[in-house]
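Working through the structure, step by step
Each chain, letter by letter, is given below.
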Amino acid sequence: MAFSCILLYLLLNWICFADAQISKSNVILEDNKYNGIVIAINPHVPESNDLIDSIKESWREASNILFTATKQRAYIGEVTILVPSNWTNYKTTATVSDGETYDKADVIIAKPNPSYGDAPYTLQYGGCGSPGSYIHFTPNYFLDEHMVTNFGKRGKAIVHEWAHYRWGVFDETSEVNPFYDDVDGNSLSDDNTGQKLNSATQCPKDFRVCCVESTDEECRLGRSSCQIENGLYTEDCICYPGNSDVVYNTSLMSYQYHEEIVEFCDETNHNMNAPNQQNRLCGLRSVWDVIEESVDFQGNKNPPTEASNKVDPIFSVKIAQASQRFVLVLDVSGSMAGIDGTSGETRFDQMQKAANYFIVNSAPPGSYVGIIEFDRSARNNSGLVKVETLNSRENLARKLPKNVGESCSVCTCIGCGLKMGIQMLEAGGANAAAGQLLVMTDGLETSGSTILIADVADDIKSKKIVIQTLFVYISENQELADLSIESGGSWFFAGEDNLLALLDAYDQMAEVTDGDDTKKTFQILSESYRLESSDSSFINNIIIDETIGRNTVFTYTWSYGDIAPSVLLTPPYGNCFYTNDKSMTANPCPDVHSINVDYKTLRFGLDNTAYGTWASYVQKPDSNSQTITVVVTSMAASDEVEPIIVESILSFERGQPLVYAKVSQGLNPVLGATVIATVVKPDGENSSPIQLWDRGAEPDVRINDGIYSRFLTGFSDTGKYSVKVKVQSDFLGYDTSSVVRLSTAAYNPGYVNENGTIIPNPNGPTLLPKNTTFGISAESLGNFTRQISSGSFDYVPPSGGGSHADVLAPSKVMDLKATQKNFTDYTQGVVLVFTSPGDDFDSGKASEYDIRYTMGDVNELLTNYETCTKIDDASVLEGNISNPSEAGSTQTIVVQTPNVTDANVTTISFGYAVKAIDESGNVGEISNIAILNYYFEPPVFAVPTTTSSPSTAAYLSTSANLTDDTITSSISTTSSDAKTVVVTSSVLSSTTNTSRQNLYIGIGTLLLILTASLATAVMQN
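Please read these numbers as outputs of a predicted model, since none were measured by experiment.

Take the overall build of the chain next. Helix and strand content of the chain: 15 helices and 53 strands. In the chain, buried positions account for 59% of the 1021 residues. For the chain, restricting intrachain contacts to residue pairs at least 6 apart in sequence, the fraction spanning at least 24 positions comes to 75%. Roughly 38,400 Å² of accessible area belongs to the chain as shown, and the carbon and sulfur atoms make up 48% of that amount.

Here it is as structure tokens:
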């Protein structure tokens, strides 16, 4: 899944590339119709005509709903349903895929993700407005009518997920924060007190629900009989919609299952105070506002069209190609004889080794591989050959180029190689679509070439051929890099004398595209060692975890001479030793090694590998200096075992490259892993390791979702850079517990009829058992390692003061929370908690924080930040705004209570925001807005009914900024007469003068009781 992004001088260009890379979608909206949608079925899904029929019917329904929801601006046009190649009944009835593949589908139909069950969901890497990666439905979702009961009409759930996927919007409900204390007044009246204590997290705010803990209770719309704990309705409180006098038709991002709802919330009814993902990530903007500014509609593109009698999609059912096809297109021009580093090998030598590695090890079993070489012309070394056995692979590898061609002014005809590659894919009348041309070259095509890249580019794109390019050492070939991206491929870069980067790139180019994880080869170790004359050996420990072990290959290459290094492989059980040098052990295991002296490669292949830690001892054969690489790969242990998978992509945000890594077991996210990125610079030097985070701080949009990310900083030279990611199970120790499911359709718990009787969902109040955890912890999986090439990128330093000038601003704070420290003593101030940004984006540390607040309209913080009240050093009670913490740390700052002159005010709303500033004066973007109700008199829930001992008061978060993933609760000690207040959610009751009246009534009642008691005592005496 690796690919690269190209940073051009114009910002608009790289933004487009970044979006295309994350989504991989070829869907276009033209004349109000979405064309090019691909729905792909996983090969492990049983063949079913009923499934195909239900998919069609559901998307017909979705098209009509989408037409209404977009105010007649869009509907579904052309849809391809891609069935797997193992569906036998479709081999004669369906046309063969015309380039569509499972790995680039917009929608996948696959077995359930354990964290979601049969709930539809969308994988979203990026923030607001960024397209998703794919939508996931299960076969059962389309075949089981209970799913309609659970999620409403299938068409509406599809539109809900399409909004996530296409437009990058987020849910308006929240599993973690289902209730909150609305600064503009609450909408739910408490059955016990009659007061309006909470609002439900939803849009619009006034959508009528009733909330109870038991379905046996009478349920009245707009009311709640749930228990209050610390101002919040408890987690057992479930809300049910019902019919009311007012008809609400919004919002599909809240309750898509409700019959009347057919539209999205817009600026007229958006609930900006609700603590949901939409408000946190989209700057309090409505869903429709984000949609209108998308590439589909901005500038009044695709304006409303007259209602059509026919908005039904046109479906085509295609069957996936049974095998992948790769053509190696190898540059043998004279420049490939260049020697760039200390290994003593030419670029041609390293190309031979890497190409041999691809054929013998990387190419998926059952795929077809061909070989073309080019200099001033192109030559067909081998047509497409099926590679299945080791013998068939080695026979093909013998046909790799043997010699470097001539050097001349017209000797790099890349277009010639591409043209012959097209012909090879079309041989025998075959459809070239989805075939891949793997180009390896060290430079520009020569201007006098008989066929130029430009001459074949349109042909490649129209025939849906994928170009993958590997640039060796030097290249300014922007045209070939662009063609790689435009064709749906990627490009990689191997700097000076970097054979390992070539091997890593070929492993990534060979990624399986049909969705069958059991066919995938996973890289466990990939390292290179330079042994000088005084060095003789090195040792690696290789972890084979329980999810892999089939077809494990240990590959070693060396750089000098015809004698292979001696290798001793020690299995975990240690009963025997695998070796190519029997003098190293008296107890050798069965011989499984092979040596290819021509390509200086030593290989050990094991069909089934014992899991545990293997030791690899390598000793060079003589005193000569050597560069030795070690690559270990393996496949899933069996068809029944879900392997641990790492996928990585590169993107750009505000001109800076960033890397994402998704870690999962099958589809289930893996939380708490150690993920390290290494950037290889143009000169071949490695950067310092960069640890990727899953903490919900920019660029990571949501904490604990199994997607790890980080900005890539610390380099200043123009050139090509490559990125590699290493993942291991070392547990970092932070809390990864989560029960939150993200970007998923809301579950229908039931409804209230006109008599106030709850009609519960017969399938239960929740889809999954209560408290089903999200994801799986890395710690629980035991020891494992994975490595992957993320791809490469072109970098041009930002303008402003030279290549080494500090022009990078701190990253944006995305998780600001504002809480009242003590509800019984308002003078103790407001607690602000957030993840610290860095000096350059999320690296280093900032120099100061610019924190501001406003009373009333919190939008002022977004539109007129500089006019809002600034927090100065004198206003800080705890923490230091002039000495920020290191990036990635939890920053806690307590500020004085804002000055309110009206003595009659008992509660008031505040909004807070923060910007970080670095030592050069670069200013970060405005954070998310933290909103809270501040209580100048103890609220109802904080007034005790009995005397309490000294205790603590919790920080209470009541803002729309809280993530749906976690709530940080901090406890502070109060004075000896303070009462216990423990609040662990974002919801408080709204308190008006009624709270003061209740307090006075309580005191009066207490005085009456004391007077009566005293009178009784006097009478008794």
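This part takes up the sheet that holds strand β46 (residues 869-870). As summarised here, the arrangement of the four strands in space is β46-β45-β49-β50, forming an open sheet in which the pairing is antiparallel. One side of each edge strand has no neighbouring strand; the edge strands of this open sheet are β46 and β50 (930-935). Two strands pair when backbone bridges link them, and strand β45 (residues 848-855) and β46 are joined in this way by two bridges, in the antiparallel orientation. Bridge assignment links Tyr-853 to a residue of β46, and that residue is Thr-869.

Quick look at the sheet that holds strand β21 (residues 466-472) now. The strands making up a sheet are joined through hydrogen bonds of the backbone, oriented either antiparallel or parallel. Pairing is mixed in the open sheet, where six strands are placed in the order β19-β18-β17-β20-β21-β22. Each end of this open sheet is capped by a strand with a single partner; those strands are β19 (378-387) and β22 (490-494). Across the sheet, the mean angle from the axis of one strand to that of its neighbour is 15 degrees, orientation sign disregarded. As paired elements, strand β20 (residues 436-441) and β21 share six bridges and run parallel to each other. Counted as the bridge partner of Leu-438 is Gln-468 from β21.

On average, residues of the chain score 88 in pLDDT, and 89% of them reach the 70 mark or higher. Scored below 50 in pLDDT, residues 1-20 makes 71 contacts in the model with residues more than four places away or belonging to other chains. Predicted confidence for residues 946-1021 stays below pLDDT 50, and this span has 194 contacts to residues more than four positions away or in other chains.

This part covers the side chain of Lys-817. Looking at the secondary structure, you find Lys-817 in strand β43 (residues 817-820). Of the side chains bearing the opposite charge, Asp-815 lies closest to the buried Lys-817, which forms no salt bridge; the N-O distance is 4.4 Å. At 3.1 Å, the side chain of Lys-817 forms a polar contact with the backbone oxygen of Asp-815.

So, on to the state of the cysteines. With the rule as written, the count across this model stands at seven disulfides. A sulfur-sulfur distance of 1.9 Å marks the disulfide that ties Cys-413 to Cys-416. Handedness here is read from the sign of the S-S torsion; for Cys-413 and Cys-416, about 70 degrees, the answer is right-handed. Cys-413 sits in the buried class, given a relative accessible area of 0%. Cys-416 sits in the buried class, given a relative accessible area of 7%.

What follows covers the packing of helix α2 (residues 49-69) against helix α5 (residues 154-167). Pairs of packed helices are described in terms of their axes, by the angle between the two and the distance that separates them. α5 packs onto α2 with a crossing angle of 70 degrees between their chain directions and a minimal axis gap of 8 Å. As the angle between them shows, α2 and α5 are arranged roughly perpendicular. In this structure, α2 contributes Ser-54, Ser-58, Trp-59, Glu-61, Ala-62, Ile-65 and Leu-66 to the contact, and α5 contributes Arg-154, Gly-155, Lys-156, Ile-158, Val-159, Trp-162 and Trp-167.

All right, on to the packing of aromatic side chains then. If you walk through the whole model with that rule in mind, you get 42 aromatic pairs. Aromatic pair Phe-137 and Tyr-141: ring centres 5.3 Å apart, planes at 35 degrees, arrangement tilted. Plain terms: the ring middles of Tyr-141 and Phe-142 are 5.3 Å apart, the flat faces sit at 85 degrees to each other, and that makes the pair edge-to-face. Exposure remark for Phe-142: the relative accessible area of 2% places this residue in the buried category.

Now for the pattern of salt bridges. Taken as a whole, this structure holds 40 salt bridges when the rule is applied. Note that Asp-98 and Lys-464 form a salt bridge whose closest N and O atoms lie 3.1 Å from each other. Taken together, the residues Asp-98 in the loop between β4 (95-96) and β5 (107-109) and Lys-464 in the loop between α11 (453-462) and β21 connect sequence positions 366 residues apart. Assessed through its relative accessible area of 38%, Lys-464 is described here as partly exposed. Notably, a salt bridge pairs Arg-285 with Glu-293, separated by 2.9 Å at the nearest N-O pair. Since its relative accessible area comes to 26%, Arg-285 is described here as partly exposed. The class of Glu-293 is partly exposed, set by a relative accessible area of 46%. Through salt bridges that share partners, Glu-653, Arg-654, Glu-698 and Glu-925 make up one connected network.

Cut-off values and rules
Residues numbered from 1 in each chain as written. Predicted model: local features only at pLDDT ≥ 70, side-chain atom pairs only at ≥ 80, totals over all residues. Heavy atoms only, no water. Helix = DSSP H or I, 4+ residues; strand = E, 2+ residues; numbered from the N terminus. Buried < 20%, exposed > 50% of the residue type's maximum accessible area, 1.4 Å probe, protein only. Contact = heavy atoms within 4.5 Å. Areas by Shrake-Rupley, 256 points an atom, 1.4 Å probe, with all protein chains shown as cover. Pairing = 2+ DSSP bridges. Axes fitted to C-alpha atoms, helices over the stretch in contact; angles between N-to-C directions. pLDDT = per-residue confidence, 0-100. Lys, Arg positive; Asp, Glu negative; His and termini not counted. Salt bridge = Lys/Arg side-chain N within 4 Å of Asp/Glu carboxyl O. Polar contact = N/O pair within 3.5 Å; in protein donor to acceptor, adjacent residues only side chain to side chain. Disulfide = S-S within 2.5 Å. Parallel < 35°, antiparallel > 145°, perpendicular 65-115°, else oblique. Phe/Tyr/Trp six-rings, centres within 6.5 Å; stacked < 30°, edge-to-face > 60°.

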